[in-house]
Amino acid sequence: QVQLVESGGGLVQAGNSLRLSCVASGRTLDRYTISWLRQAPGKEREIVAAIGWSGANRYYTDSVRGRFTIARDNIKNTVYLQMNSLKPEDTAVYYCAAHAGWNDDPRMWEYDYWGQGTQVTVSS
């Protein structure tokens, strides 16, 4: 069993930055791909970024590519999402989730473990 805990969310003005953290406990994240997903009010949940267990594979949705960076520290069992140049449309609850392996379309993955989410609000 893996427990995931997100932190780092908050209220920021457009153009500013936040760094989200996802800390795992219970077992190591080795061999797990970790994704950051978000859900805004009235919208479907979408994958924002993902990183494979070694860090070699990374995925970004088009709307965040060039602004967000995903990274992981397997020794600390932590995955980060650095979010720069934030926009009001980035406002959402952000979740981290663990998926075994890296295959097919990241947008279709199903996840074994989820965090509780952290709110990110970007004001204009």
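Up top is the structure these notes are about.
Thoughts on the overall build of the protein
Logical step 1: Secondary structure summary: the protein contains 0 helices and 11 strands in total.
Logical step 2: Reading the helices (α) and strands (β) of the protein from amino to carboxyl end gives β-β-β-β-β-β-β-β-β-β-β.
Logical step 3: In terms of C-alpha radius of gyration, the protein reaches 13 Å, essentially the compact-globule figure of 14 Å for 124 residues.
Logical step 4: Reported as C-alpha extents along the three principal axes, the dimensions of the protein are approximately 40 × 25 × 25 Å.
Logical step 5: Counting every position in the protein, which comprises 124 residues, the buried fraction comes to 46%.
Logical step 6: Taking all contacts inside the protein whose residues are at least 6 apart in sequence as the whole, residues at least 24 apart take part in 57%.

Quick notes on unusual backbone geometry
Logical step 1: Phi at Asn 77 is positive, roughly 55°, even though this residue is not glycine.
Logical step 2: Within the secondary structure, Asn 77 sits in the loop between strand S7 (68-73) and strand S8 (78-83).
Logical step 3: Note on Asn 77: relative accessible area 12%, which makes it buried.
Logical step 4: At Ser 85, a position not held by glycine, the phi torsion is positive, near 50°.
Logical step 5: Residue position: Ser 85 is located in the loop between S8 and strand S9 (92-100).
Logical step 6: Note on Ser 85: relative accessible area 41%, which makes it partly exposed.

Quick word on the pattern of salt bridges
Between side chains of opposite charge, a pair can form when the charged atoms approach closely.
Logical step 1: This structure, assessed with the given rule, holds 5 salt bridges.
Logical step 2: Taking the shortest distance from any N to any O, the salt bridge between Arg 38 and Glu 46 comes out at 2.7 Å.
Logical step 3: Take Glu 46: its relative accessible area is 31%, and that puts it in the partly exposed class.
Logical step 4: Measuring nitrogen to oxygen at the nearest pair gives 2.9 Å for the salt bridge that ties Arg 107 to Asp 105.
Logical step 5: Given the relative accessible area of 60%, Arg 107 is considered exposed.

So, how was this worked out
- Residues numbered from 1 in each chain as written.
- Predicted model: local features only at pLDDT ≥ 70, side-chain atom pairs only at ≥ 80, totals over all residues.
- Heavy atoms only, no water.
- Helix = DSSP H or I, 4+ residues; strand = E, 2+ residues; numbered from the N terminus.
- Rg over C-alpha atoms; globule rule 2.2 N^0.38 Å.
- Buried < 20%, exposed > 50% of the residue type's maximum accessible area, 1.4 Å probe, protein only.
- Contact = heavy atoms within 4.5 Å.
- Salt bridge = Lys/Arg side-chain N within 4 Å of Asp/Glu carboxyl O.

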